[in-house]
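Okay, here's what each chain looks like letter by letter:
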Amino acid sequence: MKQMINVALPKGRLGEKVLAIFESCGYDCPAIHETNRKLIFENVDAGVRYFWVKPSDVSIYVERGAADIGVAGKDILLEYAPDVYELYDLGIGKCRMAVAARRDFYDNTERTLRVATKFPNIAKTFYDKKGRDIDIIKLNGSIEIAPILRMSDVIVDIVETGTTLKENNLEPVETIVPISARLISNKVSYKFKNKEISRLAQSIREYCENRDN
Amino acid sequence: MSKISFTGEEMAVMSLSRLYADCGFRQFKMSKFEEYDLYAKNKDFLLSSDIITFNDTNGKLMALKPDVTLSIVKGSGSDPMVFDKVYYSENVYRADKGTHQYKEIMQVGLECIGNIDLYSESEVIMLAKKSLNALSERNILDISHMGFVTGLLDETKLSDKQKKIAVSLIREKNTPAISDFCRDNYIDEKVSQALYVLTGIYGSFMKTVEKIKSISINEKTDAAVSELESIYGFLQEYGCADGVNLDFSIVNDSSYYNGIVFQGFIDGVPASVLTGGRYDKLVHKLGKKSGAIGFAVYLDLLERLMGSDRMFDVDVLLMYDENESLQTLAKAVKSFSENGKTVRCVRKNDGSIKYRQLAVMKNGEAEVIETND
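Residues numbered from 1 in each chain as written. Chains lettered and ligands numbered in written order. Predicted model: local features only at pLDDT ≥ 70, side-chain atom pairs only at ≥ 80, totals over all residues. Heavy atoms only, no water.

Participant: Account for the overall build of chain A, with residues named and values stated.
Facilitator: Within chain A, the regular secondary structure consists of 8 helices and 11 strands. Judged by the C-alpha coordinates and their principal axes, chain A covers about 65 × 40 × 35 Å. Across chain A, every contact between residues at least 6 apart in sequence was considered, and the portion connecting residues at least 24 apart equals 68%. Here chain A has roughly 11100 Å² of accessible surface; of this, 48% comes from carbon and sulfur atoms. Taking the 32 positively charged and 31 negatively charged side chains of chain A as two groups, their mean positions are separated by 1 Å. (Helix = DSSP H or I, 4+ residues; strand = E, 2+ residues; numbered from the N terminus. Contact = heavy atoms within 4.5 Å. Areas by Shrake-Rupley, 256 points an atom, 1.4 Å probe, with all protein chains shown as cover. Lys, Arg positive; Asp, Glu negative; His and termini not counted. Charge placed at Lys NZ, Arg CZ, Asp CG, Glu CD.)

Have a look at this one:
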């Protein structure tokens, strides 16, 4: 019997790109392009079942085995440290995790640094390494407002082009880590559906390597 | 007819205990509490550093056990020639990584402490595989060897901190990142290639062991391979070598574990249900000369997999009114029970009880008026 692979895709632009890669590798799914209210799409012949979830939830679906594989940003993997295999760097969705601040920001090391972020663990690990005392302000969006309203001194957030920062009179101060989309797998699925998952990972790898060369 | 249904946990405890007792392990019943100091000194051995603590009546700081192994090793004898073979089924208390809430986890496991030789080591791994077989047919035991991983890393000039990074990449099966890592740290071509193969390797022991041999690089890695081969031979002897795979993404903390390490998986359970390994270094840290190997099975994960799919609270819901005599009612209940049915007597059916059959008392006898099967 052919085993189906459950794939958690991140909703949004990145997810569309990921789906395109999967489809080019022979894991197409016509049903996903129909306009309806269905949540789960499958193609039995290709052996895949796709579903869209919130990007920050992909790693949860994979860690808990509801999805065998998924695609998640390195930012999510660093923040939540899920117990999963990281099989491949897809080389898309490239950006960086950075510290940003107002243009006139001066880092007064006499004071506790107030850091607004969606990624408290990444921020904490980064400043722990420096031994800096920080006050983390956990926000869920529109992080850029925090330093403008002087609620925080800096922000730790994803920077893609820097346009949003520039428009708000902010600038990147320091890069924490480069980010890109990763193919992740549930550890147990990797074992029980090893043939299917290895084959999929291998064809995606070949596709990406051809694209990059 | 419904039998008394055991929960998945209860069934597993019974079958596993039997298995271990058959191999001469004796049961060890432990206290729920342990001095906190023991964990403070061996924090890295624990999976989570969150521990429930409290003061006992004379002010000593105590903990609700987050782990059983440490307590068993602490209490074991000091003569390495005297073997201690024990098994246990105990609750441990750990914080969940995601929610930071404490959870009670039922653990069944065994420890073999003493001058561990190839036989006692193989026996423990055989029992690990048999434990998985007892829980589900669709199971896998993945084995790995700390000696092989540390042996390879010994060939590099990496600092301890960098070695930890390498280990975490191996654990993620992150093959692209491990080649980048080797390049960035100027690791020798042969060693880089070996680390790359090691990270990616997965499959049945027979198919993968040759690959491992081909990347073995020094005495330490050679010794690890031959140990793995001997153990596999033993498993074949016992007819439980099916579903035994090599997977070096299983790497534990090398300051506690030194030899073989392993994890067990069951199809349908999204995390490992069995973990174990050879942990001589922990025993030495606790001031004893012995070696040790053991494993634990986490039963909380099996809840959804085993036990009955019970859909009813009772077989028969028997309604009676105030005119019913005690004798006739008792007689009616008895006749259901004798047929192996569970019965609950109620004055009024408020719809909160799920039943297979609904019966009412009529002329001194029970009459079934509704069947849900």
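Participant: Please provide a residue-by-residue account of the packing of aromatic side chains, values included.
Facilitator: The full count for this structure, using the stated rule, is 17 aromatic pairs over all chains. Between Tyr85 of chain A and Tyr190 of chain A, the ring centres sit 5.1 Å apart and the planes meet at 70°, which makes this aromatic pair edge-to-face. With Tyr85 of chain A in strand β5 (residues 84–89) and Tyr190 of chain A in helix α7 (residues 187–192), the pair connects residues that are 105 residues apart, well separated along the chain. Assessed through its relative accessible area of 8%, Tyr190 of chain A is described here as buried. Arranged with centres 4.2 Å apart and planes meeting at 15°, the rings of Phe205 of chain B and Tyr232 of chain B form a pair that is stacked. Here Phe205 of chain B, found in helix α9 (residues 205–215), pairs with Tyr232 of chain B, found in helix α10 (residues 219–237); they are 27 residues apart in sequence, far enough to count as distant. Residue Phe205 of chain B is classed as buried on the basis of its relative accessible area of 2%. Overall, Tyr232 of chain B belongs to the buried group, its relative accessible area being 8%. Here the aromatic cluster, defined as three or more aromatic residues joined through ring pairs, consists of Tyr20, Tyr87, Phe262 and Phe295 of chain B. Looking at Lys173 of chain B, its charged tip hangs above the ring of Tyr85 of chain A, at a distance of 5.6 Å from the centre. One Lys or Arg, Lys285 of chain B, reaches over the ring of Tyr256 of chain B and ends 4.2 Å from the middle of that ring. (Phe/Tyr/Trp six-rings, centres within 6.5 Å; stacked < 30°, edge-to-face > 60°. Buried < 20%, exposed > 50% of the residue type's maximum accessible area, 1.4 Å probe, protein only. Lys NZ or Arg CZ within 6 Å of the ring centre and 35° of its normal.)

Participant: Break down the interface of chain B and chain A for me, with residues and values.
Facilitator: Counting residues at the interface gives 23 residues for chain B, matched by 22 residues for chain A. Carbon and sulfur atoms supply 51% of the area that chain B and chain A bury against each other, a total of about 1600 Å² over both sides. Where chain B packs against chain A, one counts 2 salt bridges. Asp247 of chain B is the partner of Lys191 of chain A in a salt bridge, and the nearest nitrogen-oxygen pair spans 2.6 Å. (Buried area = accessible area lost by both parts, 1.4 Å probe. Salt bridge = Lys/Arg side-chain N within 4 Å of Asp/Glu carboxyl O.)

Participant: Before we move on, could you go through the sheet that holds β5 of chain A and cite the residues and values that matter?
Facilitator: Residues and elements named next belong to chain A. In spatial order, the strands read β2-β3-β1-β4-β11-β5; together these 6 strands make up an open sheet with mixed pairing. With partners counted over all chains shown, the strands left at the sheet margins are β2 (40–43) and β5, one partner each. Strand-to-strand twist across the sheet, computed as the mean angle between neighbouring axes with direction ignored, equals 30°. As defined by bridge partners, strand β1 (residues 5–10) adjoins strand β4 (residues 69–73) across 2 bridges and the pair is classed as parallel. Opposite Ala8, over in β4, you have Gly70 as the bridge partner. (Pairing = 2+ DSSP bridges. Axes fitted to C-alpha atoms, helices over the stretch in contact; angles between N-to-C directions.)

Participant: Hey, could you go over the sheet that holds strand β10 (residues 170–179) of chain A for me, with residue numbers and the actual values?
Facilitator: Residue and element names in this part refer to chain A. Read from one edge of the open sheet, 5 strands run β8-β7-β9-β6-β10, paired in mixed fashion. Either end of the sheet is taken by a strand with one partner, and the two such strands are β8 (134–138) and β10. Taken pair by pair, the neighbouring strands of this sheet meet at an average axis angle of 30°, ignoring direction. Where strand β6 (residues 95–102) meets β10, 8 bridges bridge the pair, whose relative direction is antiparallel.

Participant: Lay out the packing of helix α5 (residues 146–154) of chain B against α10 of chain B in plain terms, naming residues and giving numbers.
Facilitator: All names here are of chain B. Interaxial distance between α5 and α10 falls to 8 Å at its minimum, and their mutual angle equals 165°. Here α5 is positioned roughly antiparallel relative to α10, judged by the angle of their axes. For the crossing formed where α5 meets α10, the hand is left-handed. Side by side, α5 and α10 meet where Gly147, Phe148, Thr150, Gly151, Leu152 and Asp154 of the first sit next to Lys220, Thr221, Ala224 and Val225 of the second. Class assignment for the residues of the contact of α5 with α10 results in 4 nonpolar, 4 polar and 2 charged. (Parallel < 35°, antiparallel > 145°, perpendicular 65-115°, else oblique. Left-handed = near helix turned anticlockwise from the far one by under 90°. Nonpolar A, V, L, I, M, F, W, Y, C, P; charged D, E, K, R; others polar.)

Participant: Can you explain the pattern of salt bridges? Please cite residues and give values.
Facilitator: Residue and element names in this part refer to chain A. Per the stated rule, a full pass over the model turns up 35 salt bridges over all chains. Glu86 is the salt-bridge partner of Lys74, the closest N and O atoms lying 2.9 Å from each other. Taken together, the positions of Lys74 in helix α3 (residues 74–80) and Glu86 in strand β5 put the pair 12 residues apart, joining distant regions of the chain. In this structure, the salt-bridge partner of Lys124 is Asp128, at a minimum N-O distance of 2.9 Å. Pair noted here: Lys124 and Asp128 are both in helix α4 (residues 120–130), with a separation of 4 residues, about one helical turn.

Participant: Describe helix α8 (residues 189–200) of chain B, with residues and values.
Facilitator: Taking 1.5 Å per residue, 12 residues should reach 16 Å; α8 of chain B reaches 17 Å between its end C-alpha atoms and fits that length. Where α8 of chain B is buried, its residues touch α5, α6 (160–171), α7 (175–184) and α9 of chain B. (Expected span 1.5 Å × (residues − 1).)

Participant: Can you lay out the packing of α8 of chain B against α9 of chain B for me, pointing to particular residues and giving the numbers?
Facilitator: Each pair of packed helices can be summarised by the angle the axes make with each other and by the distance between the axes. Residue and element names in this part refer to chain B. Put simply, α8 and α9 touch, their axes get as near as 10 Å, and they point 160° apart. In terms of their interaxial angle, α8 and α9 are classed as roughly antiparallel. Where α8 crosses over α9, the two elements pack in a sense that is left-handed. From α8, Ala194, Val197 and Leu198 reach across to α9, where they touch Lys211, Ile212 and Ile215. Broken down by class, the residue content of the contact of α8 with α9 amounts to 5 nonpolar, no polar and 1 charged.

Participant: Lay out the pairing of strand β7 (residues 113–117) of chain A in plain terms, naming residues and giving numbers.
Facilitator: Residue and element names in this part refer to chain A. Within β7, 4 of the 5 residues are buried, which leaves it mostly tucked inside the rest of the structure. Direction of pairing for β7 relative to β8: parallel, over a ladder of 5 bridges. Residue pairing in the sheet places Val115 in a bridge with Ile136 of β8. Remark: the β7/α4/β8 crossover connection has right-handed handedness. (Right-handed = clockwise from strand over helix to strand, strands pointing away.)

Participant: Quick one: what's the story with the environment of Gly141 of chain A, residue by residue and with numbers?
Facilitator: Counting through the fold element by element, Gly141 of chain A comes out in the loop between β8 and α5 (145–148). The spacing of Gly141 of chain A and Ser152 of chain A is 11 residues in sequence and 14 Å in space, taken between C-alpha atoms.

Participant: I'd like a description of a nonpolar patch on the surface, backed by residues and values.
Facilitator: Residue and element names in this part refer to chain A. A grouping of Ile145, Ile148, Leu149 and Met151 is seen on the molecular surface, where their side chains present a nonpolar patch of about 370 Å² in accessible area. Position of Leu149 among the secondary structure elements: in the loop between α5 and β9 (154–159). Of the residues examined, Leu149 reaches a relative accessible area of 64% and is grouped as exposed. (Patch = residues over 30% accessible without salt bridge, like charges linked within 9 Å, V, L, I, M, F, W, Y side chains within 5 Å.)

Keep in mind these numbers describe shape, not what the thing actually does.
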